[in-house]
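# Structural description and commentary
One letter stands for each residue in the lines below.
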Amino acid sequence: LLDMAYLSYNEHYFKTKGRELSFKRKKTERTLNEELIIYVPVIEPLRKIMDEYATKPKLGRRLFPQFLKDVEDQEKAMKILIQENSNVADRLKKVCEAVGIDARVTMTWARHSYQTNLAHKKVPEKLY
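Residues numbered from 1 in each chain as written. Predicted model: local features only at pLDDT ≥ 70, side-chain atom pairs only at ≥ 80, totals over all residues. Heavy atoms only, no water.

### Considering the overall build of the protein
For clarity, the cut-off: Comment: elements are numbered from the N terminus, with helices defined as DSSP H or I runs of at least four residues and strands as E runs of at least two. Burial classification: accessible surface area is computed with a 1.4 Å probe over protein chains only, and a residue below 20% of its type maximum counts as buried, one above 50% as exposed, and the rest as partly exposed. When checking whether two residues touch, look at their non-hydrogen atoms; a contact exists if any pair is within 4.5 Å. Areas reported here follow the Shrake-Rupley algorithm with a probe of radius 1.4 Å; residue values treat only the protein chains shown as occluding. We count Lys and Arg on the positive side and Asp and Glu on the negative side, and we leave His and both chain ends out. Lysine's charge is taken at NZ, arginine's at CZ, aspartate's at CG and glutamate's at CD.
When you go through the protein residue by residue, the secondary structure sums to five helices and two strands. Ordering the α and β elements of the protein from the N terminus gives α-α-β-β-α-α-α. The buried share of the protein, reckoned over its 128 residues, is 23%. The contacts of the protein with a sequence gap of at least 6 include a subset with a gap of at least 24, amounting to 45%. Of the roughly 10,000 Å² of accessible surface on the protein, a fraction of 54% belongs to carbon and sulfur atoms. Between the averaged position of the 25 positive side-chain charges in the protein and that of its 18 negative side-chain charges there is a distance of 3 Å.

### Concerning helix α5 (residues 107-120)
For the α-helix, the turn length of 3.6 residues means that residues three or four positions removed from each other point alike. To keep it simple, the criterion reads: One less than the number of residues in a helix, times 1.5 Å, gives the span that helix is expected to have.
The first and last C-alpha atoms of α5 sit 20 Å apart over 14 residues, in line with the 20 Å expected at 1.5 Å per residue. The first or second residue beyond α5 is lysine 122, which carries a positive phi of 65 degrees.

### Focus: the packing of aromatic side chains
Which entries qualify depends on this criterion: Put simply, two rings from Phe, Tyr or Trp (the six-membered ring, in Trp's case) pair if the centres are within 6.5 Å, and we call them stacked under 30 degrees between planes, edge-to-face over 60, tilted for the rest.
Under the defined criterion, the tally for this structure stands at four aromatic pairs. Measuring from centroid to centroid gives 6.4 Å for tyrosine 9 and phenylalanine 14, while their planes differ by 45 degrees, and the two rings are tilted. The class for phenylalanine 14 is partly exposed, based on a relative accessible area of 37%. Pairwise contacts between aromatic rings join Tyr9, Tyr13 and Phe14 into one cluster.

### Details of the side chain of glutamate 20
For the record, the criterion: Here a polar contact is taken to be a pair of N or O atoms separated by no more than 3.5 Å, where protein atoms must pair a possible hydrogen donor with a possible acceptor and residues adjacent in sequence count only if both atoms sit in side chains.
Of note, glutamate 20 is situated in strand β1 (residues 20-24). Polar contacts involving the side chain of glutamate 20 include one to the side chain of histidine 12, which spans 2.6 Å.

### What about the pattern of salt bridges?
Inclusion rule: One side-chain nitrogen of Lys or Arg within 4 Å of one carboxyl oxygen of Asp or Glu is enough to make a salt bridge.
The full count for this structure, using the stated rule, is two salt bridges. Notably, a salt bridge pairs aspartate 3 with arginine 25, separated by 3.5 Å at the nearest N-O pair. Of this pair, aspartate 3 sits in helix α1 (residues 2-6) while arginine 25 sits in the loop between β1 and β2 (37-41); the two residues are 22 residues apart in sequence, bridging distant segments of the chain.

### Notes on the environment of threonine 106
With respect to the secondary-structure elements, threonine 106 resides in the loop between α4 (74-98) and α5. Measuring from C-alpha to C-alpha, the distance between threonine 106 and valine 88 comes to 9.7 Å, with 18 residues separating the pair along the chain.

### Describing the confidence of the model for the protein
Our working definition: You can read pLDDT as the predictor saying how much it trusts each residue, on a scale of 0 to 100.
For the protein, mean pLDDT is 88; residues scoring 70 or higher make up 95% of the total. Ranking the elements of the protein by mean pLDDT puts α5 last with 81 and helix α2 (residues 11-15) first with 98.

### As for the side chain of histidine 12
Note on placement: histidine 12 falls in helix α2. The buried category is assigned to histidine 12, whose relative accessible area is 17%. With near-sequence residues (within four places) excluded, histidine 12 lies in contact with Glu20, Leu21, Ser22 and Tyr39.

### A short note on unusual backbone geometry
The phi torsion at lysine 17 lies on the positive side, around 55 degrees, for a residue other than glycine. Inspection of the secondary structure assignment puts lysine 17 in the loop between α2 and β1. For lysine 17, a relative accessible area of 68% corresponds to the exposed category.

Below, the structure written as structure tokens:
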């Protein structure tokens, strides 16, 4: 959620006419020797989420400011995100129970499962 909380409308978004988001991954920002930029195609399901929850596009504006509200203090922001990660994990567990998945599903498991499904559908790896 850290990257999503800080995701902003940047020049790349406008250069692609709103068809692609890009961001530098916070988790690897300080550990990689080279800059790693993630590109996210704005496919229809993401467009629907953005239409419902994201702010209107404006250069430099965060897409989802509701995650951090107006908190600028890094320590407070991290506490908010840690709590929200916990909330998402709890909801994921409930969804899995409701649909009969017995495995212990984590966000990492879900992310890798999603990537595996993209690969099986032959989506180019550079898109995820």
